[in-house]
Structure formats: C-alpha cells, structure tokens
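Inside the fold
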4 protein chains.
Amino acid sequence: NGHAMVVQRKSCWYEEEIEENLRWCFALNSILHTGATQYQDIQLLDTKPFGKALVIDGKLQSAEIDEFIYHESLVHPALLHHQLPKTIFIMGGGEGSTARELLRHRSVEKVVMCDIDEPVVVRGRAELQRKEECYDVIIGDLADPIEGGPCYQLYTKTFYELTVKPRLNQGGIFVTQAGPAGVFSHTEVFSCIYNTLKQVFKYVVPYSAHIPSYADIWGWVMASDTPFLLNADELDLRMKQRIKGENRYLDGKTFTSASTLSKAVRKSLDSETHVYSEGAARFIYGHGTAHKHNQG
Amino acid sequence: NGHAMVVQRKSCWYEEEIEENLRWCFALNSILHTGATQYQDIQLLDTKPFGKALVIDGKLQSAEIDEFIYHESLVHPALLHHQLPKTIFIMGGGEGSTARELLRHRSVEKVVMCDIDEPVVVRGRAELQRKEECYDVIIGDLADPIEGGPCYQLYTKTFYELTVKPRLNQGGIFVTQAGPAGVFSHTEVFSCIYNTLKQVFKYVVPYSAHIPSYADIWGWVMASDTPFLLNADELDLRMKQRIKGENRYLDGKTFTSASTLSKAVRKSLDSETHVYSEGAARFIYGHGTAHKHNQG
Amino acid sequence: NGHAMVVQRKSCWYEEEIEENLRWCFALNSILHTGATQYQDIQLLDTKPFGKALVIDGKLQSAEIDEFIYHESLVHPALLHHQLPKTIFIMGGGEGSTARELLRHRSVEKVVMCDIDEPVVVRGRAELQRKEECYDVIIGDLADPIEGGPCYQLYTKTFYELTVKPRLNQGGIFVTQAGPAGVFSHTEVFSCIYNTLKQVFKYVVPYSAHIPSYADIWGWVMASDTPFLLNADELDLRMKQRIKGENRYLDGKTFTSASTLSKAVRKSLDSETHVYSEGAARFIYGHGTAHKHNQG
Amino acid sequence: NGHAMVVQRKSCWYEEEIEENLRWCFALNSILHTGATQYQDIQLLDTKPFGKALVIDGKLQSAEIDEFIYHESLVHPALLHHQLPKTIFIMGGGEGSTARELLRHRSVEKVVMCDIDEPVVVRGRAELQRKEECYDVIIGDLADPIEGGPCYQLYTKTFYELTVKPRLNQGGIFVTQAGPAGVFSHTEVFSCIYNTLKQVFKYVVPYSAHIPSYADIWGWVMASDTPFLLNADELDLRMKQRIKGENRYLDGKTFTSASTLSKAVRKSLDSETHVYSEGAARFIYGHGTAHKHNQG
C-alpha cells in the first residue's frame, strides 16, 4: 500500500500459439534477426524472460537461459550409459549446443553432424545410408514428426530398423528428442515415438523434464539392444570420471526422477499402439523435396 | 498442402501476466461469473484449453482438467505416510477439492476446514489456537506467502512452531502447498518454505509436479517428527487398501519421482538460508485486517 | 503522485485482427452468446469500452455505444434528400437499428427488409426481382463486397442497373454502406463502390464518419438520378419537420462536413477506375450457394 | 476457396493500451531503439502497418506513414490564415516535422523551436518569457495537458494570457494540438483547451482529422484576436502562392470539413465550462522539476 510501484507495462511482445487455444508471450528487448532460408522462417529474438531465443516458423526452438536442460537431457544419459562412447552421429543439431555437450565427454573422438542448409530429410538419410561407418551413439535432434513435415521419415519404424540400427556399433545407443511429454501433451508424439522404438530395440527408456520457456514438460527416448543398468550413484560416478566441467541440470538422481514417469503418462505409454510408418500415400520415397514446413 | 485448413482465429481470450514479462493466454468459451468479495476479485471462466477455471485477483487458482494433479499431490502423500489418519484440518481449501480427496480415505473420520468468508489469516489462526483438539494431518491449502498478503503469517516459523505443531497428534504430519517449483521459479517461495519447515520439524520432504494450466512445476512440502519410510511399492499397497476409487495422477512411482528433485533445485534448496518470520516491521500482530491482496 | 492507484489489469479480452498486422482489443465484461447459423459465426459480447457488441465471423459489426453514428449516417441523408419518402426497402439490416431510424420519419409508410435466415444473396436478389413494387428509398446495409463473400453480387454494376434502379420510384434514392473510408483504407472498397455507382446513377454523393469501435472512418454512398440540392440549413429544417426525436450525431453541418472528403480521399475517388462486376468465373449466376464467408 | 492462403501469423507485436479497456497492436518488423532520457522512455519501432514509429512513455507519438496528416493540420491552417507569417515559435516539436512543414512556407524567415533536452516546461516557459521578441505564429506541439504531466502549465489560461498572447505580433495566431477529438474522446482535453482559449482570444477555431495510427480523430485549436475569414477557395489560392510543394492531406475543402465538427462534438464544446488553470495545490510555480510523466 505505502510502497505501491507503478510498473510501466511492457509494450513489445513475442507471441506464440502453442496450440490454437493457448498462447505464450514474452516481453521483448529486441528483434535481433529476421530471415528466411529456403526451408524455414528464422527469427532471433532477445526476450526479457528467457534471454536470446531462436524461433523457427513461429515456434520457439531454444532459449538462452534454459537450453541447458534440453541439451544435457538429450546428450548425457545416452553417453553415460554407453560403455565408452567414441563416435557420435547427430541428426539435426544445427544450433550447436548438442555438439557442445558431446565434446565435454573425454571419450568422444568424433562427432558427425548433419543439418539443414540442405534439407534435413534428404541429407540426414543420405549421410547415414551412404556411409560405411558405424557409431557408438546416434542422436536425433530434429523437429517433431509432423506428417508432411520435413522430419517425419526420420521417426518411422522403417528408418529406425533399416537406417539407424545398422549404423550402431555393438552396444550402441540411439536417443532422440521426443516432443512434449506433459500429462496431456505426451499423446501428441511422445507415446508414439516410444512405441515405434519399442518395435525395433530391446530396451527403450522414455524420460522427461520441464523446460520453462516451452511452457511444458519435454520428452526424450533412449533405445538400445543392450540393457540400461546404471543406478543414480553409478551415473554420478561416470559423470565425474567422464565429463569435463559440471552439469547444471542433470545428475544421477535427476535422471532417476526424469525416467520415472507419472502414473498418467506411464499408463498411456503402455497402451499406445500407433507405430510411425511411411504410408505410400504420405511420402514419396527418396524424393525429399522441401515443403515449407509448419511444425504447428 | 492439399488439405490446407483455414482455422478461424479465436477472438476471446483470458490473459494472465505470470510475471511482468511473461503472459499465458487461454481462448475463452465464456465468462461464467465475475464478482468480488470483501477480500478478493473472483472470476469463473470457461476456457477452451483447460475447461472451467477459477481466477482470484487475476491469478489462475484451479482449472477443471488438471486440478486432480494439484489435489492428489497435496492430499495423498501425507495421508498415506500417516499410520492411520482419522482427523484432518485444512487451512484454506475453499474450493472443495481438497476435502473431496480426503474423503476418499476410508480411515478419515473428521475434516475441519477453515476458509475465507472471514479472512483466512484471522480465522485460520483463531481456529487452530482456540480449539483444544489435535489432528493427525494438517493441510495448508493457502495462497502463497506474499509479504503483505493475507496468508503470509501462516507460513512463518513462529506459526509452524506455536500453532501448527502443537495441534498435531503423535505421528502427525503437516503438508502445505509451496508455490512454483520450476528450475528457476522455486526460489520465489518453495525453497524458503522448505527451509522454514526444516527449522521446526525433524523430517521434511519437498516434492513437485507439472501442472499444465499453471505453465509451471508446482511444489509441496510435507513435514513431521516421525520419519517418512515408505517406498513406491508400499505406497501403492496402502493406496489400494485405504483409498476409494483410483488416482489419476499419483501412485508410488510418481511420488518417488516427484520427491526426487532435479540437481538444480536440490542444490538451491540445500543452500537456502531464509526463514519466514513475522518481523515487527512487516506485520502488525493480531491486526489481520484484510488488505486487498495481490498474489503476484 | 500521492494518489497512485494500482489498477488491476483487465484479464478477459476480445481481439480482432483488423488486418493481418493490426489488432484492436476490447476488455470484456462477458460473452453473452456464441453460436453459428448455416452462414456465419455469431458472437454477442459485453465489452467494457463499447458496451454490447455483435461480432460476425470474427468481425465487429455493431457496438452499443456508437451504432447511432452508423445508422443515423446510413438512413437520414437519403431520406431527408428525398421529396417525401414513403416506401423503403432494406437489403440486410438484420440487426434492426436501420429500421428503427427509418421509422422515426413521419412520412414512412412501409419498410420491407430482407436478411439472412435465408442467405442474403439469394433472398435479397429474389425479393427485389420478384416483386412488382417500387420504392422511394432503397438501403444497402450489407457486408462488404468481398469476392467470394455472400454479398459481392449486391455491389455490382449489373445489380445496380438491372435490379436496384428499376425498383426505384421517380425521384428515388439508393444509399449503401460502403466500407472503410480512412485516408488509406478507402481504397479497399469505398472508392470502387463510389465508382461503380457513378456508372449507373447521374448523381452520386460519398460521405464518411469516424466510428470509434471500428477504429476507422466509415463510408456511405448515396445515389440518384435526381440531384441532391439541400444545404445544411435546409437539412436541419427537414429534420425538424420530418423526424421524431432528435439525432445524436447527424445534423446539417455534420452532413456537410461528412460529404466533404479530405484531399487525399477525394483525389483517389476521382481517379478510381475499377467497376464491380460479376465475372463469369467468379460467380455462378442464380446459384447462391452459401460459402462460409470471411469478411476479412 | 480455390486459392486459400495460409498466412503465417505475426509473432512480434507492439501493444498500446489506449485506455485501460482498449488496446491497439501493431505487428513489428524490428525494435530500432530503446532508451530513456532523464524525462521519458523512448522507443523507435519499425512497425508493419504504420512504418517507423516513435513511442514515448508507452504512447505512440508519430508514425511514418501518417504523420503528414498531423503536421499538415497543425501548421498550415494557422500560417495560411495569417496575413504574412515571417516569424514562428514552436513549443515542443522535437521530432522536426513541424519545422519541416513551416519551412515550406515561402514567407517564413525565422523559426524558433524549444524542446526537451531540458524539460519542456521550464525551457518553453523561460524562452517565451525571457525573449523580448514577438512572433507572427506560435505553435503548441506538446504532450497533452495531463495534470502532473510536464506540459500541463502550457495549456492554462494564465499561460495563454500572460505568456503566449503578449508574444504575438499584431494579427498573430496561436495554434495548438488539442488531443483526441472523437465523438466520445473529445471530452478528455479537446473541449477544455477550446474553452480555455475562448477566455483569452476573440476568435477560436477548433478542427479535427482522423489519424489512422492513433485509432482516433485528433484535434487542434487555432486562436487569434483577428478574425479567420478565408473560405476554401481562398485557402487553396494561398496554398498555391505560399507553399512549396504540394500537401498530401490538407486543402481548402479539407479544412472546411475539418473545422465543421459533428453535432455531438459541437454541442459538447459549446457547453464546456472547465478552464485550465494552475491551482496552487496542483502546481508549484517555477519549480518545473521533472516528474516522470505518464501521458495516459
């Protein structure tokens, strides 16, 4: 009462329609860049609540102050569970932070990354198919599997079976970002990605974390034909031994918690039956032309 | 491409400033009620993404489609960890859903609830102090401890020490909602509530869950002088034995995960030093008049 | 300074995209009605700045506190300039306020109105074509002539020539609402309606007025084969003699000002060459199917 | 239908609360500058609907594509009505466009301008009081007379009487911007400025024009002890003789229309009784400290 403060309302805003009926808005410091490539519209914004933010086709991809949650969660569980990860393939990852986390692992000798100055679809596939090489860990850091979107094929059972799995070394691990994983939003793609990977790999671990700038829980799925056996303490030990510097978000307990999904999500994953596949009608094989993709 | 659909944009919106630089907006079906009591402005909205929603003083309190996450998390962990909870006191809880969850417990014989047709502050305190009675579980379902707000006193060390703890029966448990618990937002009140309760009780368990309509992780803290010893399976067994009907969100594993906080939050809780107290300057004792409270 | 007042921000808003890059938002008291007919989506809102407001297909049609500006401007200039208006035909006008203004004229004996429980296009046309009758004044109170919209045909040269003009009695006057008439926005439809009517009638008078709830100047065009000769004082005299009650917005001087357009708009109307016509490709004659129309 | 186009929604917006219940939002290309002087917050935005726009303390001041309406209306009527305007004093006008319009007049020999790297209040007053000089035209291009705002004194009867009028040469004219002049909004300040000037000058002419980026009609008032006698044709003739280049908005007819207010506004101006004065309580004379001013 005595110290009422009249805060000047913010007048410049970034506004995202998370879904048709739901908006998420950040006050803006400035618009650093607006542009378009052949495949997507790109904006680099300086936002007040989340720092610098990359927006592609009207969807927030990554924000300065909390991207560490996404990237630590994407990279470290798979690499830590691997016996000794030396060679890594990243599908996507153009922003660079996935590579940054990988290179903190002392064991890593080689990182191959494939992103989109050519379209993700064509290149990613081509690279993996063309090369003789196999990898210890393959990481999927791609846009969500929207039908008609540029990345849909890279989430199908066929792709996992014929392209990803054959390029994993013995004991190799595949991990992919897997879209929203909230108590309601996990049915969009998370449960299907999980179920599709279950058709192809013996051991599949879904896990999730809240990312403030996304206004939601996010999901990842890790898969292998070798079991995932480490407990929280063993993960912590490997982190200490293998990773340079210290994680901000992830440690053994965090992963234990992240990979223990809530009852609601667990039940729904268990009962998921949909498997991603490339129906002939949906996808002209090897054609890979660039549709302007709308992730929403 | 072929089946482009022109969706009519929604034109009526509820807009909440979560913080000065951050907005969260729901498309509206209708405005069911707008009113004001002596102490607060109240709106009941019918929103498209979250169903019916209660808004007090411009802040979303509870939404139809996800209130079960909040109320299952507030009520069941404390009651399940208790040996045989018969008598329960709720501070706040006016919306009724806390009582609904309590009454699903077969052991519960008596629920006393104290909310705000008189101001929460005065009544809640008066009730607990006046009565001779003690309770097995006391539940804090109150607005956040904003200084100058109507509930601030009910989160102080003094209040916990002199009012709450003496009214707990042997083996009794206190649990309170504890504000936002996200990787950044937990420093607002969650870590202080945790630290304040640690000054008063021997065993204190913080836990959290994502609530979609809040656009954040939410926190609760459970406290007792009796240790919390149940594992996930034991919790599941007690649920089966004691609770009528089935939980939608919470089970043993969910609680295990919920009470295993991420590294970032754990570190920050461990290093919290602030203890809520009623500094003479901050609070005129026994005065308890109703300020129009702004929870933001 | 001393009496700083913390106004609670409004949380429920109606939001209209006037154009793709421009929004106009009203705080809401309530949403009185939401519905859809076969032809359009309808909302009746109670707004804080403009009172009750009718919204069709996401576009504000009429607001309680300033509809008098629109309806006085639509009705009175034509009726006052007429020698003795007895019979009136309204195309559109479903909201009722046009008829209300007409019935204030002592001379008016008959008002025929045609609106949209059947589609405007079919009925309006059918009525005028079927009936033998002629009218002293015909009033166009229709949605703007958007191509593909339901009212497009009712703004074409052919329609004016073959349907409207033959149904005017000797000395008859046609007047139509004519869309936005601002210094930039008049090029959308106002200048074309003006130019189209100039092809058909000897005397054509465009005029305009600011309507606060539209966030723009609005235009009307009045046309006849009899000249419009009254000055401000003569209009005032006729108003006194002929109209029951008193106008709030329009009098002789107001009309003089309203029909004296700014240099920018006048130049642009003079140089307009487009004439609305029903290109075969655009319109299947007599078919009148109901497209869901988007006025924007 | 055939050519449905999915327009990507705009994601960056400037949002202005015109009043508490009314917002006006422009899509943004970029934020060119954000800063603060001792007296005000300044933003220079590049907006999609109105081009570059200057925003001071959260209020749009001037937009690239329609500032010519404001500045032509402010400057030319007064200069054209003057017998031979040679010396001009501008209070305010920092943006430069007022001077630009003045310098198009062949007769103008001297323009003195006073704006705000020192506060408007102090400097404007000081300049006019200190100088011996008189002027043919004095132009008020200042923020609205909000009580407590920095410009309030410059709209009072005392100021007009003791400071402005004595500095006008024989036949001199004073003109000032006079705030919103819409059918409702003219009661905010327009009618009071008009009424205040009527106390001081023999001849006072209020006039108005719609400015799209303001979402409202704007008003100006012109005052003198010499009558304003020119008709539209005489104004056009003087424009041709005196002004270099061609106006975009204003000519003789436009001014005739602009100075013929609607019935609603005329009635309200005629019955206005409030006169701006510097009540002792409101204003500490000569003190001129810089409050952070809120124009809204």
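Treat the numbers as computed from the prediction; the structure is a model and nothing was measured.

Okay, the overall build of chain A next. Counting secondary structure elements, chain A contains 8 helices and 11 strands. Of the contacts made within chain A by residues no fewer than 6 positions apart, 63% connect residues no fewer than 24 positions apart. Split by element, the accessible area of chain A, about 12000 Å² in all, is 50% carbon and sulfur.

Attention now goes to the interface of chain B and chain A. On the chain A side, the residues contacting the 45 residues of chain B number 45 residues. Linking chain B with chain A are 6 salt bridges, by the criterion used here. Where Glu20(A) meets Lys10(B), a salt bridge forms, and the shortest distance between an N and an O atom there is 2.3 Å. In this structure, the connection of chain B to chain A is made through 17 residue pairs in polar contact (both at pLDDT 80 or more). When residues of the side of chain B that touches chain A are traced back to their parent elements, those giving at least two are strand 1 (12–19), strand 2 (22–36), helix 1 (67–81), strand 11 (216–224), helix 7 (252–258) and helix 8 (263–270) of chain B. For the side of chain B that touches chain A, the element with the most residues is strand 2 of chain B, which contributes 6 residues. Its residues placed into classes, the side of chain B that touches chain A shows 22 nonpolar, 8 polar and 15 charged.

Moving on: the interface of chain C and chain D. Each partner contributes to the interface: chain C provides 45 residues, whereas chain D provides 45 residues. A per-residue breakdown of the area chain C buries against chain D is headed by Asn21(C), Arg23(C) and Lys263(C), which together make up 18% of the total. Its salt-bridge partner being Glu246(D), residue Lys263(C) comes within 2.9 Å of it at the nearest N-O pair. The interface formed by chain C and chain D holds 17 residue pairs in polar contact (both at pLDDT 80 or more) in total. Of all the secondary structure elements, the ones that give two or more residues to the side of chain C that touches chain D are strand 1 (12–19), strand 2 (22–36), helix 1 (67–81), strand 11 (216–224), helix 7 (252–258) and helix 8 (263–270) of chain C. Among the elements that take part in the side of chain C that touches chain D, strand 2 of chain C stands out by supplying 6 residues, more than any other. Taken together, the residues of the side of chain C that touches chain D sort by class into 22 nonpolar, 8 polar and 15 charged. Across 5 bridges, strand 2 of chain C lies against strand 2 (residues 22–36) of chain D in antiparallel orientation. Within the sheet, the bridge partner assigned to Phe26(C) lies in strand 2 of chain D and is Leu22(D).

A positive phi angle, near 50°, is found at Asp57(A), a position not held by glycine. Its identity as a non-glycine residue notwithstanding, Ala215(C) has a phi of 55°, on the positive side. Structurally, the position occupied by Ala215(C) is in the loop between strand 10 (203–211) and strand 11.

Glancing now at the relation of the copies chain B and chain A. Rotating chain B by 180° and moving it 0.0 Å along the rotation axis overlays it on chain A with an RMSD of 0.0 Å. Read as a symmetry element, the transformation amounts to a two-fold axis. The position closest to the rotation axis in chain B is occupied by the C-alpha of Ser257(B), lying 2.1 Å away. A high fraction, 100%, of the interface residues of chain B reappear at the interface in chain A, so the copies pair face to face through one surface.

Judged by nonpolar contacts, the single largest core of 196 residues is most densely connected at Ile139(A) and Ile139(C). Those residues in contact with Ile139(C), other than ones at most four positions away along the chain, are Leu74(C), Val75(C), Leu79(C), Ile88(C), Phe89(C), Ile90(C), Met91(C), Thr98(C), Leu102(C) and Val175(C).

Now for the packing of helix 1 (residues 67–81) of chain A against helix 6 (residues 232–242) of chain A. When two helices pack together, their arrangement is given by the angle between the helix axes and by the axis-to-axis distance. Residues and elements named next belong to chain A. Running from amino to carboxyl end, helix 1 crosses helix 6 at an angle of 95°, the nearest separation of the two axes being 10 Å. When the interaxial angle is binned, helix 1 and helix 6 end up roughly perpendicular. Note on element contacts: helix 6 touches helix 1 through Leu 235, Arg 238, Met 239 and Arg 242, opposite Leu 79, Leu 80 and His 81. Residue classes in the contact of helix 1 with helix 6 are distributed as 4 nonpolar, 1 polar and 2 charged.

On to the pairing of strand 8 (residues 135–141) of chain C, then. All names here are of chain C. Most of strand 8 is tucked away: 7 of the 7 residues are buried. As defined by bridge partners, strand 6 (residues 87–92) adjoins strand 8 across 5 bridges and the pair is classed as parallel. Note on strand 8: the bridge partner recorded for Met 91 is Gly 140. The sheet contact formed by strand 8 and strand 9 (residues 168–180) spans 5 bridges and is parallel. Within strand 9, the position partnered with Ile 139 by the bridge is Val 175.

The next thing to look at is the environment of Lys52(B). All names here are of chain B. Position of Lys 52 among the secondary structure elements: in strand 4 (residues 51–56). Looking at Lys 52, the relative accessible area reads 42%, which means it is partly exposed. Counting along the chain gives 10 residues from Lys 52 to Ser 62, while the straight-line C-alpha distance between them is 8.4 Å. Ignoring any residue separated from it by four or fewer positions in sequence, one finds Lys 52 in contact with Leu 32, Leu 45, Asp 46, Ser 62, Ala 63 and Glu 64.

Turning to the sheet that holds strand 11 (residues 216–224) of chain D, a few remarks are in order. Residue and element names in this part refer to chain D. Pairing within the open sheet is mixed, and its 6 strands lie in the order 7-6-8-9-11-10. In the strand order of this sheet, the two ends are held by strand 7 (110–114) and strand 10 (203–211), each with one partner. For this sheet, the mean inter-axis angle between neighbouring strands, taken without regard to orientation, is 15°. Sheet analysis places strand 9 (residues 168–180) next to strand 11, joined by 6 bridges and oriented antiparallel.

On to the pattern of salt bridges, then. Inspection of every chain in the model, using the stated rule, returns 44 salt bridges over all chains. Through salt bridges with shared partners, one network takes in Glu15(A), Glu17(A), Arg23(A), Glu15(C), Glu17(C) and Arg23(C).

Turning next to the sheet that holds strand 10 (residues 203–211) of chain B. Residues and elements named next belong to chain B. Strand order across the open sheet formed by 6 strands is 7-6-8-9-11-10, with mixed pairing between neighbours. Two strands bound the open sheet, and with one partner strand each, they are strand 7 (110–114) and strand 10. The average undirected angle you get between the axes of adjacent strands in this sheet is 15°. Sheet topology places strand 10 next to strand 11; 9 bridges connect them, and they run antiparallel.

The next thing to look at is the packing of aromatic side chains. The description of two aromatic rings rests on the distance between their centres and on the angle between their planes. On inspection of all chains with the given rule, the structure shows 57 aromatic pairs over all chains. Consider the rings of Tyr160(D) and Phe174(D), whose centres lie 5.3 Å apart with planes at 55°: the pair is tilted. Remark: Phe174(D) occurs in strand 9 and Tyr160(D) occurs in helix 4 (residues 157–164); sequence separation between them is 14 residues. The ring of Phe68(B) carries the charged tip of Arg248(B) above its face, separated from the ring centre by 3.8 Å.

Let's shift gears to helix 5 (residues 190–198) of chain D. Residues and elements named next belong to chain D. The buried fraction of helix 5 amounts to 8 of the 9 residues, a majority that puts the element mostly inside the structure. Of all the positions in helix 5, only Phe 190, Ser 191, Cys 192, Ile 193, Tyr 194, Asn 195, Thr 196 and Leu 197 are classed as buried. Contacts made by the buried residues of helix 5 are with helix 4, strand 9, strand 10, strand 11 and helix 8 (263–270).

Turning our attention to the side chain of His105(B). By the secondary structure assignment, His105(B) is in the loop between helix 2 (97–102) and strand 7. For His105(B), the residues in contact, after removing those within four places along its chain, are Val75(B), His76(B), Leu79(B), Leu80(B), Arg242(B) and Ile243(B).

Let us look at the packing of helix 5 (residues 190–198) of chain A against helix 8 (residues 263–270) of chain A. Residue and element names in this part refer to chain A. Orientation of helix 5 relative to helix 8, taken along the N-to-C sense of each, is 50°, at an axis distance of 9 Å. For the element pair helix 5 / helix 8, the angle class is oblique. For helix 5 against helix 8, the interelement crossing comes out right-handed. Only Val 265, Leu 269 and Asp 270 of helix 8 make contact with helix 5, whose side of the interface consists of Phe 190, Ser 191 and Tyr 194. Tallied by class, the residues present in the contact of helix 5 with helix 8 amount to 4 nonpolar, 1 polar and 1 charged.

With that settled, the discussion passes to the pairing of strand 11 (residues 216–224) of chain A. Successive residues of a regular strand alternate their side chains across the two faces of the sheet. For strand 11 of chain A, a buried count of 9 out of 9 residues is recorded, marking the element as mostly surrounded by other parts of the structure. Counting the residues between successive antiparallel strands, the hairpin from strand 10 (residues 203–211) of chain A to strand 11 of chain A contains 4 residues, one of them, Ala215(A), with a positive phi of roughly 55°.

Glancing now at the side chain of Thr98(B). Within the fold, Thr98(B) resides in helix 2. When sequence neighbours within four positions are dropped, the list of residues in contact with Thr98(B) reads His71(B), Leu74(B), Val75(B), Ile90(B), Ile139(B) and Asp141(B).

Residues and elements named next belong to chain A. Per-residue confidence for chain A gives a mean pLDDT of 87, with 84% of residues at or over 70. Of the regions scoring below 50 in pLDDT, residues 1–7 engages in 3 contacts with residues more than four places distant in sequence or in other chains. Segment residues 280–296 is flagged for pLDDT under 50; beyond a separation of four residues in sequence, or across chains, it makes 28 contacts in the model.

Let us now look at helix 8 of chain C. Within the sequence span of helix 8 of chain C, burial applies to Lys263(C), Ala264(C), Val265(C), Ser268(C) and Leu269(C). The elements touched by buried residues of helix 8 of chain C are helix 5 (190–198) and strand 10 of chain C together with helix 7 (252–258) of chain D.

Definitions and cut-offs
Residues numbered from 1 in each chain as written. Chains lettered and ligands numbered in written order. Predicted model: local features only at pLDDT ≥ 70, side-chain atom pairs only at ≥ 80, totals over all residues. Heavy atoms only, no water. Helix = DSSP H or I, 4+ residues; strand = E, 2+ residues; numbered from the N terminus. Contact = heavy atoms within 4.5 Å. Areas by Shrake-Rupley, 256 points an atom, 1.4 Å probe, with all protein chains shown as cover. Salt bridge = Lys/Arg side-chain N within 4 Å of Asp/Glu carboxyl O. Polar contact = N/O pair within 3.5 Å; in protein donor to acceptor, adjacent residues only side chain to side chain. Nonpolar A, V, L, I, M, F, W, Y, C, P; charged D, E, K, R; others polar. Buried area = accessible area lost by both parts, 1.4 Å probe. Pairing = 2+ DSSP bridges. Least-squares fit on C-alpha atoms with pLDDT ≥ 70 in both. Core = buried A, V, L, I, M, F, W, Y, C linked by side-chain atoms within 4.5 Å. Buried < 20%, exposed > 50% of the residue type's maximum accessible area, 1.4 Å probe, protein only. Axes fitted to C-alpha atoms, helices over the stretch in contact; angles between N-to-C directions. Parallel < 35°, antiparallel > 145°, perpendicular 65-115°, else oblique. Phe/Tyr/Trp six-rings, centres within 6.5 Å; stacked < 30°, edge-to-face > 60°. Lys NZ or Arg CZ within 6 Å of the ring centre and 35° of its normal. Left-handed = near helix turned anticlockwise from the far one by under 90°. pLDDT = per-residue confidence, 0-100.

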